[in-house]
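Tertiary structure, described
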Amino acid sequence: MKRRQFCQAAAASLGGAMAGSSPFVFAGLNLAQAQEKRALEVQLLGFVLGIQVPANAAISEIMPEMAGYTAPKITRVDQVRVVTQSMVGGAADIGTADLPTVLSATEAGAKLKIIGKMYDKTTHVLVANTERIKSFEDLVKPGVTVSVGVRGEVSQIMLFEPLRKRGIDANKATNVEMPGSGSRMNALLAGRIDATYMHFDQYASIPDQNKFKVLIEPWNEFSAWWHEVWVARAEWLEKPQNKRAAVDLMKANILAFRRANSDFDWYLRMYQKYSSIKDAKTATAEALRPTWARMRNDIKAWPNDMSFTLEQAQGLMPAYKAAEATRGIAKAEDVVDTQYVVQALKELG
């Protein structure tokens, strides 16, 4: 798709709604209000890795080209749990969190809705020091230290469920809470921990890969995996103009997925602009293409239809409960609302 055609598709975002054929019309707004450009307030995680580039381009590049929007006001937050807490408090219109923390917040009385995926699956891999860990069983041996982030978040479940499937009690593992894959990678290289989750492109940057090996690839462990999701307050979504904004954000995200899949040169430009990985601004096509190809072809990180269904979320609930990431009170249907993705796909065609 040429850039001009792509921008025209994005700019036509509100066409169906303004014609009255969509349930997400600007009901009750006058013309002046409809024409006023809106800057969404968005909370995102502080780092931008390769898998997150299309969604960041969606919110910062594509959505402002749609009628009625301007550049968003983005706040960067280091921990996913903090984003969830901030969303509960109404600190932003939309944010990215994970399903377990949203479920936990719901169990505590919060009214949040998950409306889409920032990307599908994950590029995280569990990397182990081969001098200390030879097998899955070694992960739970006394004296072996594993860091998978904060208990109750998705990184913990990515350890617990693969071990549970192999008959190993992950509760016996010595887990050091350490948010941030960059911090965990540095701790692994320094010998302070023996295994941790990091992104596969981070693993590729490790000089001595003979000393470190990939033990778990989550996309091969789970039939469906949700890592980072778009979240909004239920009260905020009740307003027609916010319903419209939610649909348009999903449209922008889906357009970015499709563009990333079909146009490597566009992805390269967006990576150079938005990735927080060291030296991303000078990344070459030759260096980046293998990483892009793996995310596109093997992990399938950017589905053209977003691959966002209630059934996928329901399938993850047993793993969350087994890892004690939630109490099992809140159900997937309490927090997952697919109507915005459904409407976005209907309008995009």
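Residues numbered from 1 in each chain as written. Predicted model: local features only at pLDDT ≥ 70, side-chain atom pairs only at ≥ 80, totals over all residues. Heavy atoms only, no water.

1. Quick word on the overall build of the protein
Within the protein, the secondary structure is distributed over 16 helices and ten strands. Here the protein, with 349 residues, has 56% of them falling under the buried criterion. Here the contacts in the protein between residues at least 6 apart in sequence split such that 79% fall between residues at least 24 apart. Approximately 14,600 Å² of the protein is accessible, and the part contributed by carbon and sulfur atoms is 49%. (Helix = DSSP H or I, 4+ residues; strand = E, 2+ residues; numbered from the N terminus. Buried < 20%, exposed > 50% of the residue type's maximum accessible area, 1.4 Å probe, protein only. Contact = heavy atoms within 4.5 Å. Areas by Shrake-Rupley, 256 points an atom, 1.4 Å probe, with all protein chains shown as cover.)

2. Here we look at the sheet that holds strand β9 (residues 212-216)
The strand order across the open sheet built from five strands is β7-β6-β8-β5-β9, with neighbouring strands paired in mixed fashion. Both outer strands of the open sheet, β7 (174-175) and β9, are each paired with one neighbouring strand and no more. Relative to strand β8 (residues 195-199), strand β6 (residues 145-147) runs parallel, the two sharing two bridges. Its bridge partner lying in β8, S147 is registered against T196. Strands in contact with helix α8 (residues 181-189) are β5 (124-129), β6, β8 and β9; relative to β8, the strand with the most contacts, it is inclined by about 135°. (Pairing = 2+ DSSP bridges. Axes fitted to C-alpha atoms, helices over the stretch in contact; angles between N-to-C directions.)

3. A closer look at the pairing of strand β4 (residues 112-117)
Burial runs high along β4: five of the six residues are buried. As paired strands, β4 and strand β10 (residues 229-233) are joined by five bridges and run antiparallel to one another. Across the sheet, residue K113 finds its bridge partner in β10, namely A232.

4. Topic: the layout of surface pockets
Gaps between atoms show up when a probe of the same size as a water molecule is rolled over them. A volume near 550 Å³ is recorded for the largest pocket. In terms of lining, the largest pocket is formed by 20 residues, of which the most central are D201, S205, Y271, I277 and K278. Only α8, α9 (200-204) and α13 (285-299) provide two or more residues apiece to the lining of the largest pocket. Of the residues assigned to the lining of the largest pocket, the class counts are nine nonpolar, eight polar and three charged. (1 Å grid on protein atoms, 1.4 Å probe; cavity = no way out; pocket = protein on both sides within 12 Å on 5 of 7 lines; lining within 4 Å. Points joined across faces, edges and corners; volume = space filled by probe spheres on them. Nonpolar A, V, L, I, M, F, W, Y, C, P; charged D, E, K, R; others polar.)

5. Some details on the side chain of N261
Within the element layout of this structure, N261 appears in helix α11 (residues 240-262). A polar atom in the side chain of N261 sits 2.6 Å from the backbone oxygen of W302. Contact partners of N261, with chain neighbours within four places excluded, come to W292, R296, W302 and N304. (Polar contact = N/O pair within 3.5 Å; in protein donor to acceptor, adjacent residues only side chain to side chain.)

6. Some thoughts on the pattern of salt bridges
Applying the stated rule across the entire model yields 14 salt bridges. R164 is paired through a salt bridge with E161; the nearest N and O atoms lie 2.6 Å apart. Placement of the pair is R164 and E161 together in helix α7 (residues 154-165), with a separation of three residues, close to one helical turn. By relative accessible area, which is 48% here, R164 ends up partly exposed. (Salt bridge = Lys/Arg side-chain N within 4 Å of Asp/Glu carboxyl O.)

7. Details of the sheet that holds strand β2 (residues 73-77)
Pairing is mixed in the open sheet, where five strands are placed in the order β2-β1-β3-β10-β4. Of all strands in the sheet, those bounded by a partner on one side alone are β2 and β4. Pairwise comparison of adjacent strand axes, ignoring direction, gives a mean angle of 30° for this sheet. Summarising the sheet, strand β1 (residues 41-45) and β2 pair through five bridges and their orientation is parallel. If you follow L45 over to β2, its bridge partner there is V77. Its contacts with the sheet place α11 against β3 (94-97), β4 and β10, and it is angled at close to 25° to β4.

8. Focus on the environment of K134
Note on placement: K134 falls in the loop between β5 and β6. Along the sequence, K134 and L215 sit 81 residues apart, while their C-alpha atoms lie 9.2 Å from each other.

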